[in-house]
Amino acid sequence: VSKLISIDNTSVELTFSNEFLKGKIYNLLTQGVNDLSGNELVITQKSIGIAEALEVGDLVLNEILFDSPTNSAEYVEIYNCSDKILDLSTLSLSTRKVDGTLNSGISFPNQTKILPKSYLVLTSDAEKIQNYYALNSVENIFTSSWSPLNNEGNTLVLTNLNQDTIYDEVKYSVKWHHPLVKNPKGVALERINSLLPSQNAASWHSASSEVNFGTPVYQNSQFHVINTTQNQEKFLWLEQDSFSPDNDGINDICFIHYKTDTNGYVATAIIFDANGNKVSQLTANYLLSAEGFLTWDGKAQTGKNANIGIYVLYFEVFNPINGAHKQFKLPIVVSAR
């Protein structure tokens, strides 16, 4: 079987004695390969394999930098949640117009593959991204035609070229940024976990200051493994009793887990300070799933970050089906790292 392999923007056709198997990744290593000028290849290893059919849920929009810093460029990062190698050549990254229709969008180069659990970035200038974030290479960063993203908010849509199948969609907003981010210029929005719903502000968080406010082509600084295994005998529990919402990428978000004993509960969740003053209303008359979680990023209803101290989560649930009514109060500590 023959395969056209692209390394350092140079295409080489290799012939293999056996057919490649689906679902298997092959690592190609090169040694002592130089171009006509005698320059050795920068990339000496490449993972390859057979691309499989793309399905809704395989890909998510994972990171968005819509207001670039002076010496870099805007970008959108895509994450492959699946266990498959995917070909993105039939995809387009578009935005919605005011009337809801899609713009023509940005298409991916031919033979653009993304490995399982891997990242790919679209931008107007891959070299600027590499230099600004001190990346080793631009292997998974693609320079494309680019229309500047709206700095206040817009709707990004990952779709096929015919625009009749949507793989992911996010209507981002500058208001999703952490309250400590006074100037959002150069600060990317990162998805906390690919399992979280795309169109929910709680699924996104400002990238940490400790990674230059962006993590193109590698794991998000605000990535969090959703832990639902502990305390499952309880109706409500906190993943941690304290958190430090200082946007440093470490324990920035309070995760509030619940596991209901039957379907149909609606919940109201409010954060109070130690004096009983209302600080933030997380939800009101919210229909709960069988199990799930809410988040608090430390933001008060004033729009500012809550002060360091002890707070109380008041969590009230009512089930209109069977009349069950429960109330919970849990202390939450907002701390400094």
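Cut-offs used in this document
Residues numbered from 1 in each chain as written. Predicted model: local features only at pLDDT ≥ 70, side-chain atom pairs only at ≥ 80, totals over all residues. Heavy atoms only, no water. Pairing = 2+ DSSP bridges. Helix = DSSP H or I, 4+ residues; strand = E, 2+ residues; numbered from the N terminus. Axes fitted to C-alpha atoms, helices over the stretch in contact; angles between N-to-C directions. Buried < 20%, exposed > 50% of the residue type's maximum accessible area, 1.4 Å probe, protein only. Polar contact = N/O pair within 3.5 Å; in protein donor to acceptor, adjacent residues only side chain to side chain. Contact = heavy atoms within 4.5 Å. 1 Å grid on protein atoms, 1.4 Å probe; cavity = no way out; pocket = protein on both sides within 12 Å on 5 of 7 lines; lining within 4 Å. Points joined across faces, edges and corners; volume = space filled by probe spheres on them. Nonpolar A, V, L, I, M, F, W, Y, C, P; charged D, E, K, R; others polar. Salt bridge = Lys/Arg side-chain N within 4 Å of Asp/Glu carboxyl O.

Got a minute to help me understand the sheet that holds strand β15 (residues 189-191) in this structure?
Hydrogen bonding along the main chain pairs the strands of a sheet, whether they run parallel or antiparallel. Reading across the sheet, the six strands line up as β12-β11-β6-β5-β15-β16 and stay open at both edges, with mixed pairing between neighbours. Each having just a single partner strand, β12 (141-143) and β16 (204-206) make up the two edges of the open sheet. Shown here is a sheet whose adjacent strand axes are inclined to one another by a mean of 25 degrees, direction ignored.

Just checking my understanding: could you explain unusual backbone geometry for this structure?
Generally, phi is negative for residues other than glycine and the peptide bonds are trans, each holding for most cases. Despite not being glycine, Asn-212 shows a phi value in the positive range, around 60 degrees. With respect to the helices and strands, Asn-212 occurs in the loop between β16 and β17 (236-238). The backbone of Phe-213 sits at a positive phi, close to 65 degrees, despite the residue not being glycine. Looking at the element boundaries, Phe-213 is found in the loop between β16 and β17.

Mind showing me how you'd approach the side chain of Ser-82 here?
Positionally, Ser-82 belongs in the loop between β6 (75-80) and β7 (86-87). Exposure remark for Ser-82: the relative accessible area of 8% places this residue in the buried category. Engagement of the side chain of Ser-82 in a polar contact is seen with the side chain of Asn-80, the distance being 2.6 Å. Separated by 3.1 Å, the side chain of Ser-82 and the backbone nitrogen of Lys-84 make a polar contact. Every residue in contact with Ser-82, bar those within four places of it in the chain, is listed here: Asp-58, Pro-116 and Lys-117.

Could you clarify how one ought to interpret empty space enclosed by the protein in this entry?
If a probe as big as a water molecule is rolled over the atoms, it shows which places are left empty. Across all of its chains, the model carries two cavities of 30 Å³ or more by this definition. Size it by volume and the largest cavity reaches roughly 40 Å³. Forming the boundary of the largest cavity are His-224, Glu-239, Gln-240, Phe-243, Asn-251, Ile-253, Cys-254 and Phe-255. Taken as a whole, the second largest cavity spans an internal volume of roughly 30 Å³. If you trace the second largest cavity, you find it lined by Gly-23, Lys-24, Ile-25, Ile-50, Glu-52, Asp-83, Lys-84, Ile-85 and Pro-116. In terms of residue class, the lining of the second largest cavity is made up of four nonpolar, one polar and four charged.

I tried to follow the pattern of salt bridges on my own but got confused; where do I start?
Pairing between side chains becomes possible if they bear opposite charge and their charged atoms approach one another. Evaluated as defined, the whole model comprises eight salt bridges. Across the salt bridge formed by Asp-58 and Lys-84, the nearest N and O atoms sit 2.8 Å from each other. Of this pair, Asp-58 sits in the loop between β4 (45-48) and β5 (59-65) while Lys-84 sits in the loop between β6 and β7, and the two are 26 residues apart along the sequence. Across the pair, Lys-84 and Asp-58 agree in class, each one buried.

Whenever I open this one, the pairing of strand β23 (residues 309-318) confuses me. Can you help?
For a regular strand, the rule is simple: side chains alternate between the two faces of the sheet. Relative to β23, strand β20 (residues 266-273) is paired through eight bridges, and the arrangement is antiparallel. Along β23, the bridge assignment pairs Ala-267 with Val-317. Pairing of β23 with strand β24 (residues 325-334) involves ten bridges; the strand directions are antiparallel. When the sheet's bridge partners are listed, Gly-309 is paired in β24 with Val-334. The antiparallel hairpin formed by β23 and β24 contains six residues in its connecting segment, where Gly-323 sits at a positive phi of about 80 degrees.

For this particular structure, what's the right way to read the environment of Thr-159?
Position of Thr-159 among the secondary structure elements: in strand β13 (residues 153-160). Linking Thr-159 and Gly-186, residues 27 residues apart in sequence, is a C-alpha distance of 26 Å. Excluding residues that lie within four positions of it along the chain, Thr-159 makes contacts with Thr-90, Leu-91, Ser-92, Leu-102, Asp-164, Thr-165, Ile-166 and Tyr-167. Among the polar contacts made by the side chain of Thr-159, one reaches the side chain of Asn-160 at a distance of 3.3 Å. Within the local environment of Thr-159, its side chain forms a polar contact with the backbone oxygen of Thr-165, the two atoms lying 2.7 Å apart.

Help me understand the layout of surface pockets, please; the structure alone is not making it clear to me.
Reported here for the second largest pocket is a volume of approximately 830 Å³. Along the wall of the second largest pocket there are 31 residues; nearest its centre are Asn-200, Ala-202, Ser-203, Leu-294 and Thr-295. Listed by contribution, the elements that provide at least two residues to the lining of the second largest pocket are β16, β21 (278-287) and β22 (291-296). Tallying contributions element by element places β22 first for the lining of the second largest pocket, with six residues. Split by residue class, the lining of the second largest pocket holds 16 nonpolar, eleven polar and four charged.

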